[in-house]
Structures are given as structure tokens and as C-alpha cells.
Amino acid sequence: MEPEGSQGAEAPESGQMSVATGATDIQVVEVGDVETPSVAELLAELQQVQARADAMEAILGHHGITVLESAEYDSANSSDEDSDSIPARDAEGGVGEGAEGTDGAADATLTLGPLDINPESYYTDGYLHIPKFLDEELSRGMRRLLLEPFGDGEWQGSARVCPIYDEQCAGIDASNPHGLRFLQQLLLVDPAWLKLATHPRLIEVATTLLGPDVNLHHAKASLKPPGHVSRQSWHQDAYYLYEDPPDFLTILIYLDATAKAAGATKLVGGSHQNGLILHPPTDPTGPSAEGAHVGAGRREDGVQTGGTIAEDVAAQLGPAIEPEMAIGDAMVLSPFVVHSVGDNHTSTTKVALAFAYKAASAVDREPGGNWRAFAELPVARDGQPAISFHSY
């Protein structure tokens, strides 16, 4: 918002009426001064309005937003219980597979199959791989949506978005020319991300594993541009997020295929069973500090005592793995599973979205409170989504 008085009032052109609310001068143009437009001018203006409407429809469709007439709403929301539909566009902005329509202006509906959520596997391993969480076509559209605002140079939006760049990786990938590698506040970039964070598909995962009442904790984007060497060491999310009890999880959605040396997530399966582990302020590639062993060095009174888990400590927990993920796959992480991010030695950026949820009963103990955008937003109550963007 600009400060008051930052813009001076300009005199209206003939045929316009200008009312400056909150000001003393109100300028009114008499009706007699207005020129009557010709039929040709009216038709030209109507064509411009239609062109703007078509452009807005394309933008909304690209963002995964469908505008329905009231008569269409009930039929659109009476889909089969064993599937989930998300509006989307294909790579050229036209109709995606499975959509009905006669031209590229129609909205595509990508029907996704039922989720395979295995709580036992999650509780045993500390993570859960969910293949085909999103359609590949939809995932590619989301990737474009994420990168486009950062393709023209300096980010022009809110500074709270906190974009971080890897300058040494700039100029390699045309889709990510400046080497964007991290967005702390994903939900402030575009309304489509808030819609995704509250979508029933993600809420189903969160309620299945956390219980019927769930709040949003945060959402961010992690990118590995070409040539990116990870600066992230072994860690547990529970060490940095002050929830009491630590009943929360993170859903990673991969918008690019990943593998070893290609932006994969590294983790130690079953390491969550050791509870919270000391994160000493030592060189993560060197020997651990004295006492930095499994199960030791827990936080006291909510105060962190270090930074990352040393390599030799992580090695005690078991073998590290780097699961290969296809485009649209998801991985759910326990707050206690030890994990990190791998390097990317490919020629393209690897993009993943992270949505963190918490049990509504968990109390935020972070000093000053959770500062992240939309923190504590109630996204599920009694096992059902609490927010719908399809109801207006």
C-alpha cells in the first residue's frame, strides 16, 4: 500500500467522472460533455472486453482455478468418491488429457486415482513414498507457475517471500535463469499455492497420519539448480520446529524427477525411532563433538544447542538412501527422520514443494510464535477439509 498523498490527482478527460474519496475536491463532468460512441466503437470495446475475459480464464486455468456458474457447482462437486479432480492446463496452455471441450479455452480436469497411504510403513520407516500423487501434466504446469515470476530478474513482490539464489548456477537452465534455489514463503507468491495447501488430497494424507484436526504449519519451495551443491547437512525437522508435542509432518511434492546426483532427498530410514538427536555446531563433514551420540543432547527448555547432525552420527543410524522420485510423486517425512538434500549435477533445475502440517492440539513454542505465512490455519476438522476454494 502506498502512503497517503503519494499520488497526485489528475484532471479527468472529457467523458469521465472522477470522485476522490476522502478528499475535498470532487470533479464531475456534465453529461452533455460526453461524446456518444459509434456502433463500431462499441463493438471494438466489446471485443477488447471479451479478449480480456479469455486471457483471465486462461490465467486462472493455468493456476488450477476453475470458475463455475452456480448451476454447474453441484455437478462439479459430485465426482466419484474414489477419485480426486484438480483443474489444470497442459504445457501449451490448452486442454489437458481427460478434459472435455472444443478449444484451448476450456478448462482441463485431471482425474487422479485414490491415494495409497500406508500408515504402518510411515510409522516404521519414518517416511512414506506416494507415487503419482499429482498428475505429471499438472506437475509441469505447477513448475512453470512457480518459476515464471522469478524469470525476469529481481523479485518484485513482497520481501517476505525470501527468495534465495545460487549465483554460481545462474545462466544454465533457461527456466531458472537466475539460479533460484529456495522460497521460504511459498504461500505469498501466488494464491494457487494456498489452494494446493488446503486441497483435500493433501489434507487426506495429513489427517490419516496426524488425526482428524490439522493446522497448516508452513509451505516452501526447495530448488536445486544445475550444478547445485547442497549446503544442507543431516538434520531432523523436529529440532527446528517448536511444536509441543512434535506431532507434525512434511509432504514433499516433486515437480521434477529426482535420483542420486539429480536433486534427490537423502534420508536414513528408521532413524526417527531414536527420538531427538543432538545437532552440534560442528563442521558437518568432520568428526562429531563429544557427546554427540544417538539419543543425547536434546534441547532443554526449548533452546537449541547446535546446528546439524555430524556425518559419523548419521552413519550410526543406518545406511543413507536417496529414493528415486518420478514427476508428481510425493514423500511424507516424519519430524524425527534424519534427512538432507542431495546435489544436482544435471543440466536442469529440480523443483520440490514442501507443505508442513501439525496436529491442531500441538502447541507452538517457537520464540515469538510461528512467523511463517498462514501458520496455524485450520485446514481440517473432524477428518474433513476445513477450507474450500470451490464454494464461492
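None of these values were measured; they are calculated from a predicted model.

Trainee: Just to check I follow, could you spell out the confidence of the model for the protein for this structure?
Mentor: A residue-level look at the protein finds 66% of positions with pLDDT of 70 or above and a mean pLDDT of 75. Within the model, pLDDT remains below 50 along residues 1-34, and this stretch shows 18 contacts once partners closer than five positions in the same chain are excluded. Note that residues 65-83 has pLDDT below 50 and, in this model, 15 contacts with residues that lie over four places away or in other chains.

Trainee: Looking at this structure, how should I read the packing of aromatic side chains?
Mentor: Two measures describe an aromatic ring pair: the distance that separates the ring centres and the angle between the ring planes. Evaluated as defined, the whole model comprises three aromatic pairs. Both rings, one in F150 and one in W155, keep their centres 4.7 Å apart while their planes meet at 20°; by these two values the pair is stacked. In this pair, the class of F150 matches that of W155, namely buried. When the ring of Y239 is compared with that of Y240, the centres are 5.4 Å apart and the planes differ by 75°; the resulting orientation is edge-to-face.

Trainee: Just checking my understanding: could you explain the sheet that holds strand 11 (residues 265-268) for this structure?
Mentor: Where strands meet in a sheet, backbone hydrogen bonds hold them as pairs that are either parallel or antiparallel. One open sheet holds the three strands; their spatial order is 12-11-14, and the pairing between them is antiparallel. Strands with a single pairing partner mark the edges of an open sheet, and in this sheet they are strand 12 (320-321) and strand 14 (339-341). Two elements, strand 11 and strand 14, share three bridges in a ladder whose sense is antiparallel. Residue K266 lies in a different strand from strand 14, and its bridge partner there is S340.

Trainee: In this structure, what is going on with the pattern of salt bridges? I would like to understand it.
Mentor: The full count for this structure, using the stated rule, is seven salt bridges. For D244, the salt bridge identified is with R365, shortest N-O distance 3.4 Å. Of the two residues, D244 sits in strand 9 (residues 243-244) while R365 sits in the loop between strand 16 (363-364) and strand 17 (378-381), which places them 121 residues apart along the sequence. What makes D244 partly exposed here is its relative accessible area of 39%. Across the pair E376 and K358 runs a salt bridge, and its minimum N-O distance is 2.7 Å. Residue E376 is found in the loop between strand 16 and strand 17, and its partner K358 is found in strand 15 (residues 350-359); the two are separated by 18 residues along the sequence. Salt bridges sharing partners connect three or more residues here, namely R143, D173 and D256.

Rules used in this analysis
- Residues numbered from 1 in each chain as written.
- Predicted model: local features only at pLDDT ≥ 70, side-chain atom pairs only at ≥ 80, totals over all residues.
- Heavy atoms only, no water.
- pLDDT = per-residue confidence, 0-100.
- Contact = heavy atoms within 4.5 Å.
- Phe/Tyr/Trp six-rings, centres within 6.5 Å; stacked < 30°, edge-to-face > 60°.
- Buried < 20%, exposed > 50% of the residue type's maximum accessible area, 1.4 Å probe, protein only.
- Pairing = 2+ DSSP bridges.
- Helix = DSSP H or I, 4+ residues; strand = E, 2+ residues; numbered from the N terminus.
- Salt bridge = Lys/Arg side-chain N within 4 Å of Asp/Glu carboxyl O.

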